[in-house]
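Reading the structure
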Amino acid sequence: MDGNQERVVEMMKIILVAGARPNFMKVAPIVRELRARSLEYRPDNPTPTTNNSMLSWKLVHTGQHYDYDMSGSFFEDLEIPEPDHHLEAGSGTHAEQTAKIMVEFEKVCAAEMPDIVVVVGDVNSTLACSVTAKKMGIRVAHVEAGLRSNDLAMPEEVNRLVTDSISDYLFVTENSGQENLLREGKRPDRIFFVGHVMVDNLFYVRQKLNEEKLGNSEVGKLKQRLGDYAFLTMHRPSNVDDPKTFGGIIDALNEISREVPIVFPVHPRTRHQLNINSFWFSDSVVLFPPLPFKESLYLWKDALFVLTDSGGLQEETTALGVPCFTIRENTERPVTIEDGTNRLVGTSPEGILAAYRDFRNGITKKGRVPALWDGHAAERIIEIIIAELLP
Ligand code: UD1
């Protein structure tokens, strides 16, 4: 008898979920790691991970973000393969979107019978797929667990709390994540401080940026023309859905742009609000549609400073040492303030302008890169999953 036939071969099936723009940066390094461990990544070609075990995986795109600007361009830039399953959930109210994803994801889980579902971040897809999997008795791993803004008006905070409360494996990016989970009574042996997959992705893409090619593109020419500039992103419902808050922020931006031009790729939610309100931007605020990952990185990495209400950009600016002003009252990512270059400036025009004046007067934070933000988080995550599931 062939020796191989005597082995008990265990097959571990992983389903990795991505749904919205900020998820794509987080799944890309996990996909790369899974691919690096598999000669062929499709389950019909499982690859030995240890002497007697096999690893296979599939990628699910929920379709929460669906158009080229918000999804397709990221798959291209970040080298993510075509998903094995596309749930085509699309837009809707929170309940509609979450429900559509749950119904479709349940069918995928029933067909694939994975051993573990890996979800990332804090979007509606994260919540929908973690709850669906858990109710089917499938283990759930949450990448970017434990972050807390303590602001339940943020849909993401609800998604974080629910997902963490039912996850079997909690992969945290910063110390506060660990502390929050322990305070909420999670078992210490379920919490793994692994660093940040988004930083893995950032370092990987930065090192592959083709500066020459980008220099000849529209954004490259703009960069040369502007010289010094600021980079802005804004899409949080709390900032853009209320015309009074949004109007105040725009006043502050116009004021800043009198001295420093601002490059502003506009998120669809924000575009919608701009269309229905009669806001006015100075000529020194340059509006774009949402930019692909590489073009966006090419611009913000050399900006004088970044203004944002995004979760991810607070962390990415800290990882590259770019000054960041966060237009929010709170952050679930305190390490970017304690260790990094981030400053919370609030949402009032006065707060935003005070931070800008400080910056002009030379009051800036140097910052350092937080612990384990070293480009190897995805490796650690897959090592841990293999060790836990395939002893
Ligand atoms: C979602 C996430 C948020 C994340 C953000 C990044 C939740 C609760 N929120 O918020 O955490 O920071 O994505 O973008 O999951 N739209 C398009 N094209 C698309 C996708 C959306 O035009 O490909 C439009 C939608 O029709 C909707 C608006 O953009 O009008 C907002 O999209 P939605 O996914 O509902 O929420 P986001 O604000 O993007």
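Residues numbered from 1 in each chain as written. Predicted model: local features only at pLDDT ≥ 70, side-chain atom pairs only at ≥ 80, totals over all residues. Heavy atoms only, no water.

**Structural notes on the overall build of the protein**
Within the protein one finds 18 helices and 14 strands. In summary, the protein has a C-alpha radius of gyration of 21 Å against a globular reference of 21 Å for 391 residues, a match within 12%. Across its three principal directions, the C-alpha atoms of the protein cover 80 × 45 × 35 Å. Counting the 391 residues in the protein, one finds 58% classified as buried. Put simply, 68% of the contacts in the protein that link residues at least 6 apart link residues at least 24 apart. Carbon and sulfur atoms provide 50% of the accessible area of the protein, an area that totals close to 16600 Å². With 42 positive and 56 negative side-chain charges, the protein shows a spacing of 2 Å between the two charge centroids. (Helix = DSSP H or I, 4+ residues; strand = E, 2+ residues; numbered from the N terminus. Rg over C-alpha atoms; globule rule 2.2 N^0.38 Å. Buried < 20%, exposed > 50% of the residue type's maximum accessible area, 1.4 Å probe, protein only. Contact = heavy atoms within 4.5 Å. Areas by Shrake-Rupley, 256 points an atom, 1.4 Å probe, with all protein chains shown as cover. Lys, Arg positive; Asp, Glu negative; His and termini not counted. Charge placed at Lys NZ, Arg CZ, Asp CG, Glu CD.)

**Some thoughts on the pattern of salt bridges**
Scanning the model with the defined rule gives 28 salt bridges in all. Notably, a salt bridge pairs Arg190 with Asp189, separated by 3.6 Å at the nearest N-O pair. For Arg190, a relative accessible area of 18% gives the class buried. Residue Asp189 is classed as partly exposed on the basis of its relative accessible area of 39%. One salt-bridge network, in which partners are shared between bridges, spans Lys26, Asp122, Glu144, Glu157, Arg160, Glu315, Arg328, Glu332 and Arg333. (Salt bridge = Lys/Arg side-chain N within 4 Å of Asp/Glu carboxyl O.)

**Quick word on the site of the ligand**
Residues in close proximity to the ligand total 20 residues, the closest being Gln64, Asp67, Ser91, Glu156 and Arg269. Within the side chain of His65, an N or O atom sits 3.0 Å from an oxygen atom of the ligand. The backbone of Asn124 places a nitrogen or oxygen atom 2.8 Å from an oxygen atom of the ligand. Protein chains bury 84% of the 750 Å² of accessible surface belonging to the ligand in isolation. (Near = heavy atom within 4 Å. Polar contact = N/O pair within 3.5 Å; in protein donor to acceptor, adjacent residues only side chain to side chain.)

**Thoughts on unusual backbone geometry**
Even without being glycine, Glu88 reaches a positive phi, approximately 50°. Mapped onto the elements of the fold, Glu88 is located in the loop between β4 (85-86) and α4 (94-112). Judged by its relative accessible area of 62%, Glu88 falls in the exposed class. Of note, Asn150 is a non-glycine position whose phi angle comes to about 60°, a positive value.

**A look at the confidence of the model for the protein**
Mean pLDDT over the protein works out to 94, with 93% of the residues at or above the 70 mark. The model gives residues 1-7 a pLDDT under 50, and that stretch makes 3 contacts with residues more than four places away or in other chains. Counting contacts from residues 39-43, a segment whose pLDDT is below 50, to residues more than four positions away or on other chains yields 12 contacts. (pLDDT = per-residue confidence, 0-100.)

**As for the nonpolar core**
Note on soluble globular proteins: their nonpolar side chains tend to be buried together. Among the nonpolar cores identified, the biggest contains 64 residues, and Ile14, Ile30, Leu78 and Phe171 are the most heavily contacted of them. Looking at which element gives the most residues to this core, the answer is helix α18 (residues 377-389), with 8 residues. Residues Ile249, Phe264, Phe281 and Val345 belong to the second largest nonpolar core, which totals 26 residues. (Core = buried A, V, L, I, M, F, W, Y, C linked by side-chain atoms within 4.5 Å.)

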